[in-house]
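Here are the chains, one letter per residue:
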Amino acid sequence: MSDLFANLGLGFAVALSLQNLALCFMGCLVGTLIGVLPGVGPIATIAMLLPITFGLDPVGALIMLAGIYYGAQYGGSTTAILVNIPGEATSVVTTLDGHQMARQGRAGIALGIAAIGSFFAGTVATLLIAALGAPLTRLALVFGPAEYFALMVMGLVFAVVLARGSILKAVAMILIGILLASIGTDLETGQDRMTFGFAFLTDGIDFSVLAMGLFGVAEILRNLDQSETRDVVRQRIGRLLPGLTDLRQAAGPVLRGTAIGSILGILPGNGAVLGPFAAYSVEKRLARDPRRFGQGAIEGVAGPESANNAGAQTSFIPLLTLGIPPNAVMALMVGAMTIHGIVPGPGVMTKNPNLFWGMIASMWLGNLMLLVINLPLVGIWVSLLKVPYRLMFPAILMFCAIGIYSINATPTDVMLIGAFGLCGYLLIKFGFEPAPLLLGFVLGRLMEEYLRRALTLSRGDPMVFLERPVSAVLFAVSAVLLVAALMPALRRSRDEVFTEA
Amino acid sequence: MKDATTRTVRSLCLALTATLGLAGHARADAFPQRPITMVVPFAAGGPTDVIARIVAEHMSRSLGQQVVIENVTGAGGTTGITRASQAAPDGYTVMMGHMGTHGAAPALFKGLRYDPAKSFDPIGLAAGTPIVIVARKDFAAPDLKAFIAAVKSGGTSINQAHAGVGSVSHSTGILFDAKTGAKPTLVVYRGTGPALNDLMAGQVDFMTDQIVNVAPQITGGTIKAYAIATPERSTVLPDVPTTKEAGLDDYEVSAWNAVFAPKGLPKEVGAKLEAALGKALEDETTRKRILDLGGTVPGSGERGPAALQRLVESEVARWTPVLRAAADGTP
Amino acid sequence: MDEPLHGSGHTRIRGPQPLAAGLGLVGLGLLGVWAGSDLPQGSMRAMGPGFLPRWLSVGITLCGLALAASGLLRDGQRLPSIALRGPAVVMLAILAFALTIRPVAVGPLTTPGLGLIVAGPLAILLAGYASPEARFRELVILALFLTAGCMLLFGDLLNLPIPIFPAFVLEALSGSVSPRLLLRAVAAGLGLTGLGLLAIGRGTRRRAVDVVPHSITT
């Protein structure tokens, strides 16, 4: 314990130097900015800023880059709430209740609770990394392909749970999501799958392209369509920041979201994407009246947002202690470190204690800065909603187009958001929800990879999923969740049949 | 009010036409006049990207214009190289090719729209990153010879990891199997990170990969290294024997990175780029950065356009039969 | 649009919306089966690339059949009304942006790469007309400000690799002006023009029409 304090002391000594504080602030500011811009993700930005960091000392450079990463996570929820565009896979669920809250004139409260929840989660996750970072990595090694497959299946069950309308339609959406994810070059054989001969499909569909189309463009089309009773935020905007009752309502979800997000973030196989979905499902199950979810329930913002930020922090654990980057941004951090002559891996903690503890301390400071940056911004964001929609949507469209173009510098991606936008519009019209599709898409690719890998390693024996204890437990939990989710639907449809008869 | 704005607009227009007029005279000036784009066909943060950024940083300084890295990923790097090969050969678009895109690709990708030996004007070799043979830390064999024997006798019960078709670990791994006669089960990963994770956890038995990716885990003791596939030992891993020392003669591979331009580059432009690359590789800090990663910096005799052209031709000749045979062997 | 058709004795199809949705899914599922039909299925031990797509497509088809059946058997919703103007115009705007931002080969033709300075305003002006409330002058001002802002934000500040100017302009200018300076100068010019238009408009503004009833202002 005294070690922990000594280490944190060292960390704060490093992070509180004037230069590092300034860099941390810069990172958080840039991160918030790009998070708010739809499409422009932390990957493109960090890659572009890498050369600038050449002149800095490595600790400062990494503090700034880390700031961009979690700053973008913060900012991403802003667009999800305000204009229904999830910038990252992790903010998909925030759109469900967050944007509903905005439509009801409670955008400020949603943004505020997201910021406060994220700050709390960030604080806890930072402490967790500091205290348990090293021992926790053992958890990462327990998870083999079979366990990850089980985890992904559990994630798909969450998608059923968070569906609002017809379960049948939700299942179809999930399947379509996985099918879309399988488009492109097959990982194992290098064969083209379902690309119809289009070169731009060989690398599959980018998440941002799909999300921007299904959520962003489709939302615009739907709003245009109902020009008389337009659904954008027209209600009077109430109080700007959450009040005491809001906070009391959100406290439980924030705590649970933090716990769920922290644990999933530690897994190097990009388990962090599941955090917000898991948190949402848990809140929906625990709620006294689950029907409020999807209609602007504050718990549906507080839980996932906390999980999201906690996962973003703890995903530094596999990077710093194992040298394994759990996602593309972390892979970029590896690059940043190697350029600065620091090779992330088991040795970082002992060889570069300044860097390791300095970064951890800076994460907490960064979270504090984000809270300070974001709370005053809430007012500005909310006032943006007063811009007439006929001017707002061309602007949103242009930001989307530029953002999407900047990911791969391919015009076909821009055309694809149009196509997906049209699909999304039709889906909404026919009563399908796009969220389960997106979740199926995110998990589908990973799920297939893990399934095939697990079966290769077990030489084709599917029993491997039940023989390994962790995987068996995860499957059991999924089964229970699925039955619990299906029961009311089955009962209801039987009731309907009876009442009709 | 109205007058004022019209006046502003008019003077702005005037300023614009003035600059446009000036431009006509400046064209004959020497290369480079504007930023140069260096296409890196792999994701930012990977070994090739890191080398490209280190080199580009110094080249920007000596050329007096920014060398901007553009990551265009996909299809084992061939997407980016294809796009860059179609750019105008004016020196403002160059690319960082590597062992895969300019050696293994013709054998792996049937519809490849460029020829590594013919579609480019080579500028020069930038760096090499040696290949290391690594295994899970509790693999019983004490040295490389015993390891090869164990892998051979284990047959398909041995699991070999690689980072996807077209990756360095894929082609070098297949070369290893071909040279030793081993027939392990191949387990595919999306990228080196997850493959290493499973290697550390003992889910798979071994793999071959670039030193940059595996050195920290080797020094940290979470995986073990049997040999490094270079003529000399690396300063980063001084305890790891070379393949020759360990008794495997025919396995020396390095994932080299080299700068190419689209075919048809004006001579003076090519010479300038070559000189800038050379200067970067002579620079102490640049060299040290590459060496610290475990990479190798080619000597001045082995990095020029002619030497690179020879390297590309010999690499294509080396990889094609091995990879074709492996592809035919699996259903 | 959402109310079910209770007691709709005169129509034979009880739930047109689920029926149509179900048939759509069946179509998609069959398309998936067809698109993946050339891929090897593999075995349990070495699952082929065609395995998952095939079973997913079958699953989608089954979901579609179930949904269509429910549309026939149970009362459901009416077919939704689908607007044409919005989607068509927005698609056109997106297409215009994609085709002008950088050179694109469409069959034998290659579009000229005109950069953000053309693609941006083009997209905004076109997209604006997706709404029946569009007003030309207002959109021009918006386009000027947004393009200037985006040039500075994406090109200058974030330094993203997005073409700002047409390639031929850059080539013509190469050497005389640094691209960054040019970018700032042009952005300033656009911004000033926008301000100018705004100022002119304030003088000659028509009343009433410009003030759309707006809940926030009331």
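Note that the structure is a prediction, hence the values are computed from the model and not measured.

1. Digging into helix H18 (residues 411–429) of chain A
Next up, step 1: In a regular helix each residue adds 1.5 Å, so 19 residues correspond to 27 Å; H18(A) covers 28 Å between its end C-alpha atoms and thus fits that length.
Next up, step 2: Every buried residue belonging to H18(A) is among A:Pro411, A:Asp413, A:Val414, A:Leu416, A:Ile417, A:Gly418, A:Phe420, A:Gly421, A:Gly424, A:Tyr425, A:Leu427 and A:Lys429, and all of these are buried.
Next up, step 3: Each element contacted by the buried residues of H18(A) is listed here: helix H8 (167–181), helix H9 (207–225), helix H17 (389–408) and helix H19 (434–457) of chain A together with helix H1 (16–35) and helix H3 (85–101) of chain C.

2. Considerations on the packing of H17(A) against helix H4 (residues 116–128) of chain C
Next up, step 1: For the pair H17(A) and H4(C), the least separation of the axes is 9 Å and the interaxial angle reads 140°. As H17(A) packs across H4(C), the resulting crossing turns out to be right-handed. Taken together, the residues of H4(C) that come into contact with H17(A) (itself represented by A:Phe393, A:Pro394, A:Leu397, A:Met398 and A:Ile402) are C:Leu116, C:Gly120, C:Ile124, C:Ala127 and C:Gly128.

3. So, the environment of A:Val477
Residue and element names in this part refer to chain A.
Next up, step 1: Mapped onto the fold, Val477 is located in helix H21 (residues 469–500).
Next up, step 2: The partly exposed category is assigned to Val477, whose relative accessible area is 36%.
Next up, step 3: Residues Val477 and Phe293, spaced 184 residues apart in sequence, show a C-alpha to C-alpha distance of 22 Å.

4. Section: the interface of chain A and chain C
Size of an interface, as often reported, equals the accessible area lost when the parts are brought together.
Next up, step 1: On the chain C side, the residues contacting the 71 residues of chain A number 76 residues.
Next up, step 2: For the pair chain A and chain C, the summed buried area comes to about 6,500 Å², and 78% of that belongs to carbon and sulfur atoms.
Next up, step 3: Among the ionic pairs, A:Arg390 bridges to C:Glu138, the shortest N-O distance being 2.7 Å.
Next up, step 4: At the surface where chain A touches chain C, the tally comes to six residue pairs in polar contact (both at pLDDT 80 or more).

5. Quick word on the interface of chain B and chain A
Next up, step 1: Taken together, the 40 residues of chain B in the interface contact 39 residues of chain A.
Next up, step 2: Across the chain B to chain A interface the summed buried area is about 3,200 Å²; carbon plus sulfur atoms make up 58%.
Next up, step 3: At the boundary of chain B with chain A, the tally comes to one salt bridge.
Next up, step 4: Residue assignment for the side of chain B that touches chain A shows that the elements contributing at least two residues are helix H2 (47–63), strand E2 (67–71), helix H3 (78–85), strand E6 (185–188), helix H7 (192–200) and helix H8 (211–219) of chain B.

6. Here we look at the UniProt feature "transmembrane region" (unreviewed entry) in chain C
Residues and elements named next belong to chain C.
Next up, step 1: Under the present numbering, the feature "transmembrane region" (unreviewed entry) in UniProt falls on residues 18–35, 55–73, 82–101, 113–132, 139–161 and 181–200.
Next up, step 2: For residues 55–73, the helix share is 100%, the strand share is 0%, and the end-to-end C-alpha distance is 27 Å.
Next up, step 3: For residues 139–161, helix accounts for 83% and strand for 0%, while the C-alpha atoms at its two ends are 27 Å apart.

Calculation notes
Residues numbered from 1 in each chain as written. Chains lettered and ligands numbered in written order. Predicted model: local features only at pLDDT ≥ 70, side-chain atom pairs only at ≥ 80, totals over all residues. Heavy atoms only, no water. Helix = DSSP H or I, 4+ residues; strand = E, 2+ residues; numbered from the N terminus. Expected span 1.5 Å × (residues − 1). Buried < 20%, exposed > 50% of the residue type's maximum accessible area, 1.4 Å probe, protein only. Contact = heavy atoms within 4.5 Å. Axes fitted to C-alpha atoms, helices over the stretch in contact; angles between N-to-C directions. Left-handed = near helix turned anticlockwise from the far one by under 90°. Buried area = accessible area lost by both parts, 1.4 Å probe. Salt bridge = Lys/Arg side-chain N within 4 Å of Asp/Glu carboxyl O. Polar contact = N/O pair within 3.5 Å; in protein donor to acceptor, adjacent residues only side chain to side chain. UniProt positions renumbered as here; feature names shortened; annotations may be inferred.

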